[in-house]
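Notes for the structure review
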Amino acid sequence: MRHLHKGVSFAIGLAVLGASLAACGGGSSGTSGDGRIELSIGTFTEFGYEDLITEYERLHPNIKITHHKTGEGGPYHQNLITKLAAGNGLEDVVAVEEGHFSDIIDKSSKFNDLTEIGPKDVTPDRWLNWKYEAGKDSDGRLIGYGTDIGPLALCYRKDLLQAAGLPSDPEGVKSLFATWESYFAAGDQYVQRTGGKAWFDASSQLYNSMVNQLETGYLDRNDNLTIETNPGIKAAWDRITGAIQRGQSAKLIAFGNEWKTGFQQGSFATTVCPSWMLGVVEENAGPGNAGKWAVTDAFPNGGGNWGGSYLTVPKQSQHPKEAAEFAAWLTAPEQQLKAFQARGNFPSQTQALTSPQLLQQTEPYFGDTKVGELYSEQAKKVTRAQYKGPGDGQIQENVTSPALQAVEQGTPPGQAWRQVVDEAKKIVK
């Protein structure tokens, strides 16, 4: 579910995603009747680019831009893969969410290397290092300019922790959330002191976060499956399934209706909170719980990222140089700060992360916490980009998440793990 909830406004919370799929349209690159170069851009959900596109056309009167905007991330990326295989129909600039970036890694030859066709003044230091590195394919070709990110923190119910006799202020909880060991130890205390109430909402949220913190994930850079040879993956599995068996999980499916209701009813005390999740929490918990939820600049084992996208230029484009210049302009810190103000998309550019405009952003629902400053610091804690090979997203969404749900319903962890290994091998052959 990491690819369906981006572009959340801190000020107004999560805007409801489009219920129906907008027409994606095809690429429209060429020359217009008045002699202007026609470019097209494809995005999904909310990137905050509407006003920026108008501004770019004003600054470049020889360019005409068509924006194809899709309401939902899943169908958008399915459409992308279909048109990529067909060899036509894609826009000149195509957005790809980080969770789906692995789906195009083995097709990266169909995208332009932006270091070759892009403006030469666009250098790696524009972005956080890990964001820049994650935009490369396995051969080191840069196929995506980074847009936004989703640095991780933890959100928690202050009143529920206080009632359980645990620290509840943002500074006090840092010791609880310092490591995965301390986090789950606090969970054991919470369950015991509350007579069995859940510590966290959905096991897959935590498990994915743990796996994403590893130096190597489900695949190595040669696209070999590591699930049986990478001890960190199995260790994360044992840790999360142990917590499930000790009663820490609310056994909810993230972003499902019961999960949404759980925020209102206090069904769990903590949840993984990338920057865009603040709006989700506010939307689901409702005005009656204002001030009860808090966010702290701590995350077990340092930090991580969940969410964010890239702008690519497919080789289908008739104007790749102009498309790359447009994508480079959109991902400059000045424009990403404007997108942040428009839709809350947290920027990945180093210069933007030190801007007073971002650092002074507060969130009233969370006690006027300076969320801009908080997430800027969390972003800096991410030190490397984990390589995501073909099939990585499928393993996460279609294999490990259902297996964890099965454990929550009583399947022995060992049995579920064997199923995970077998199913992963079917995806990565």
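Below, the structure is looked at part by part. (Residues numbered from 1 in each chain as written. Predicted model: local features only at pLDDT ≥ 70, side-chain atom pairs only at ≥ 80, totals over all residues. Heavy atoms only, no water.)

1. Quick word on the overall build of the protein chain
Looking only at helices and strands, one finds 17 helices and ten strands in the protein chain. With respect to the three principal axes, the spread of C-alpha positions in the protein chain is 70 × 50 × 40 Å. A total of 429 residues make up the protein chain; the buried ones form 57% of that total. Counted over contacts in the protein chain with a minimum sequence separation of 6, partners at least 24 positions apart contribute 77%. Between the mean site of the 39 positive side-chain charges and the mean site of the 49 negative ones, the protein chain shows a separation of 3 Å. (Helix = DSSP H or I, 4+ residues; strand = E, 2+ residues; numbered from the N terminus. Buried < 20%, exposed > 50% of the residue type's maximum accessible area, 1.4 Å probe, protein only. Contact = heavy atoms within 4.5 Å. Lys, Arg positive; Asp, Glu negative; His and termini not counted. Charge placed at Lys NZ, Arg CZ, Asp CG, Glu CD.)

2. Examining the pattern of salt bridges
This structure, assessed with the given rule, holds 17 salt bridges. For Lys174, the salt bridge is made with Asp297, and the minimal N-O distance between the two is 3.0 Å. In this pair, Lys174 is assigned in the loop between α6 (158-163) and α7 (180-193) and Asp297 in the loop between β8 (293-296) and β9 (305-312), connecting sequence segments 123 residues apart. Take Lys174: its relative accessible area is 24%, and that puts it in the partly exposed class. (Salt bridge = Lys/Arg side-chain N within 4 Å of Asp/Glu carboxyl O.)

3. Notes on the layout of surface pockets
What the second largest pocket holds in volume is close to 260 Å³. His100, Asp103, Gly393, Gln394 and Asn398 are, among the 14 residues lining the second largest pocket, the residues nearest its centre. Counting only elements with at least two residues in the lining of the second largest pocket, the list comes to α3 (101-105) and α16 (392-408). If one sorts the elements of the lining of the second largest pocket by residue count, α16 sits on top with four residues. Split by residue class, the lining of the second largest pocket holds two nonpolar, eight polar and four charged. (1 Å grid on protein atoms, 1.4 Å probe; cavity = no way out; pocket = protein on both sides within 12 Å on 5 of 7 lines; lining within 4 Å. Points joined across faces, edges and corners; volume = space filled by probe spheres on them. Nonpolar A, V, L, I, M, F, W, Y, C, P; charged D, E, K, R; others polar.)

4. Here's the deal with helix α8 (residues 203-212)
Among the ten residues of α8, nine are classified as buried, and the element is accordingly described as predominantly covered. Those residues of α8 not exposed but buried are Ser203, Ser204, Gln205, Leu206, Tyr207, Asn208, Ser209, Met210 and Val211.

5. Some words on the nonpolar core
When a protein is soluble and globular, its nonpolar side chains tend to lie buried together. Core analysis: the largest hydrophobic core is formed by 84 residues, its most contacted members being Trp199 and Tyr207. Residues contacting Tyr207, with those up to four places away along its chain left out, are Tyr218, Ile233, Ala236, Trp237, Ile240, Thr400, Leu404 and Trp417. Counting residues in hydrophobic clusters, the runner-up holds 42 residues, among them Ile37, Tyr56, Val93 and Phe111. (Core = buried A, V, L, I, M, F, W, Y, C linked by side-chain atoms within 4.5 Å.)

6. So, the packing of aromatic side chains
If you walk through the whole model with that rule in mind, you get 31 aromatic pairs. Here Trp127 and Tyr145 contribute two aromatic rings whose centre-to-centre distance is 5.6 Å and whose plane-to-plane angle is 15°, an arrangement assigned as stacked. In this pair, Trp127 is assigned in the loop between α4 (114-117) and α5 (129-133) and Tyr145 in strand β5 (residues 145-157), connecting sequence segments 18 residues apart. Take Trp127 and Tyr145: they sit in the same class, and that class is buried. With 5.4 Å between their ring centres and 45° between their planes, Tyr190 and Trp199 make a pair best called tilted. Trp199 gets classed as buried once you look at its relative accessible area, which sits at 0%. Its guanidinium or amino end placed over the ring of Trp417, Lys234 lies 5.8 Å from that ring's centre, counting from NZ or CZ. (Phe/Tyr/Trp six-rings, centres within 6.5 Å; stacked < 30°, edge-to-face > 60°. Lys NZ or Arg CZ within 6 Å of the ring centre and 35° of its normal.)

7. Section: the state of the cysteines
Enumeration over the complete set of coordinates arrives at one disulfide. Through a disulfide, Cys155 is tied to Cys273; the S-S separation comes to 2.0 Å. Looking down the S-S bond of the Cys155 and Cys273 bridge, the torsion is -80°, so its handedness is left-handed. On the criterion of sequence distance, the pair formed by Cys155 in strand β5 and Cys273 in strand β7 (residues 268-274) is long-range, its members being 118 residues apart. Looking at Cys273, the relative accessible area reads 0%, which means it is buried. (Disulfide = S-S within 2.5 Å.)

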